[in-house]
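# Understanding the architecture of this molecule
The residues making up each chain are set out below.
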Amino acid sequence: MKKLFIASITATLLFSASAYSAGSTHSTAPASAAACAGCHGADGNSVVPNFPNLAGQHAAYIEKQLKDFREGYRKDATMAPFAKSLTDENIKELGAFYASQPAK
Ligand code: HEC
C-alpha cells in the first residue's frame, strides 16, 4: 500500500512537470490516471512488456477497452478492479490523455 502511495505521488509530480513543459491542457493527466501509472507508465509508455502501452493509442479504442473491462465483456483479473472504479467521464478523459501522449 505504501508503495502504491509513493507511486501515485511520483506519478502526480511527473504529470505536473510534463503538463508544464508541454504548455497544453490536452496533455494534462486527469487525476484518475495516477492509479494507472504504476503499470502503464506516467505517460502511457509502459516499462514492462506485460503491460500494454497506451500512449498514442486511439482515444476511442482506449475508451472501448475500459468500458469492456468495467462491464466484464473483456476479462482480465488485473485490469478489471481498476476499470470498475471509473466513471464515463473518467474514461473519456483517460482516452483523450493517453491518445495525446507520444508513443516511445
Ligand atoms: C496492476 C497493473 C495495472 C494497472 C494499475 C492498470 N492496468 Fe491497464 N492493463 C494491465 C494489463 C496486464 C493489461 C492487459 C490485459 C489483457 O491482457 O487483456 C491492461 C490493459 C489495459 C488496456 C487495454 C490495452 C490494449 O491495448 O488493449 C487499457 C486501455 C488499460 N489497461 C487502461 C488502464 C487504465 C486507464 C488504468 C488506470 C485507471 C489501468 N489500465 C491500470 C495492467 C494494469
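Refer to the structure presented above.
These remarks concern the structure in this document. (Residues numbered from 1 in each chain as written. Predicted model: local features only at pLDDT ≥ 70, side-chain atom pairs only at ≥ 80, totals over all residues. Heavy atoms only, no water.)

## Let's talk about the nonpolar core
By size, the foremost hydrophobic cluster in this structure holds 14 residues, and its most contacted members are A33, L66, L86, L94 and Y98. At the level of secondary structure, the elements contributing two or more residues to this core comprise α3 (59-71) and α5 (88-99). (Core = buried A, V, L, I, M, F, W, Y, C linked by side-chain atoms within 4.5 Å. Buried < 20%, exposed > 50% of the residue type's maximum accessible area, 1.4 Å probe, protein only. Helix = DSSP H or I, 4+ residues; strand = E, 2+ residues; numbered from the N terminus.)

## A few points about the coordination of the iron atom of the ligand
Around a metal, the idealised angle for a tetrahedral arrangement of four donor atoms is 109.5 degrees; for an octahedral arrangement of six donor atoms it is 90 or 180 degrees. Bound to the iron atom of the ligand on the protein side are H40 (NE2) and M79 (SD), at distances that span 2.0 Å. Taken together, the six donor atoms coordinating the iron atom of the ligand span angles of 84 to 179° at the metal, a pattern that classifies the geometry as octahedral. Here H40, found in helix α2 (residues 37-40), pairs with M79, found in the loop between α3 and α4 (80-84); they are 39 residues apart in sequence, far enough to count as distant. Exposure remark for H40: the relative accessible area of 10% places this residue in the buried category. The exposure class of M79 is buried, given its relative accessible area of 18%. (Donors = N, O, S within 2.8 Å, 3.2 Å for Na, K, Ca; no water. Tetrahedral: all angles 85-135°; square planar, octahedral: opposite > 155°, others 65-115°.)

## Comments concerning the site of the ligand
The environment of the ligand is made up of 19 residues, and the closest members are C36, C39, H40, Y61 and M79. Take Y61: an N or O atom from its side chain is 2.5 Å from an oxygen atom of the ligand. Interatomic distance of 2.8 Å between a side-chain N/O atom of R74 and an oxygen atom of the ligand. Sorting the residues of the shell around the ligand by element identifies α2 and α3 as the ones contributing at least two each. By residue number, the principal contributor to the shell around the ligand is α3, which donates five residues. Of the residues belonging to the shell around the ligand, the class tally is 13 nonpolar, four polar and two charged. (Near = heavy atom within 4 Å. Polar contact = N/O pair within 3.5 Å; in protein donor to acceptor, adjacent residues only side chain to side chain. Nonpolar A, V, L, I, M, F, W, Y, C, P; charged D, E, K, R; others polar.)

## A look at α5
Here α5 spans 17 Å end to end across twelve residues, near enough to the 16 Å set by a 1.5 Å rise per residue. All of the buried residues along α5 are N90, I91, L94, G95, F97 and Y98. With its buried residues spanning 165° around the axis, α5 presents them on a single face. (Expected span 1.5 Å × (residues − 1). Arc of directions from axis to C-beta.)

## Re the packing of α3 against α5
Each pair of packed helices can be summarised by the angle the axes make with each other and by the distance between the axes. Contact geometry of α3 with α5 gives a least axis separation of 8 Å together with a crossing angle of 140°. With respect to their mutual orientation, α3 and α5 come out oblique. Crossing handedness for the pair α3 and α5: right-handed. Contacts between α3 and α5 involve A59, I62, E63, L66, K67 and R70 on the former and, on the latter, D88, I91, K92, L94, G95, A96, Y98 and A99. Of the residues that constitute the contact of α3 with α5, the class distribution is eight nonpolar, one polar and five charged. (Axes fitted to C-alpha atoms, helices over the stretch in contact; angles between N-to-C directions. Parallel < 35°, antiparallel > 145°, perpendicular 65-115°, else oblique. Left-handed = near helix turned anticlockwise from the far one by under 90°. Contact = heavy atoms within 4.5 Å.)

## Re α3
Given a rise of 1.5 Å per residue, 13 residues ought to cover 18 Å, and the 18 Å separating the end C-alpha atoms of α3 matches this to within 8%. The complete set of buried residues in α3 reads I62, E63, Q65, L66, D68, F69 and R70.

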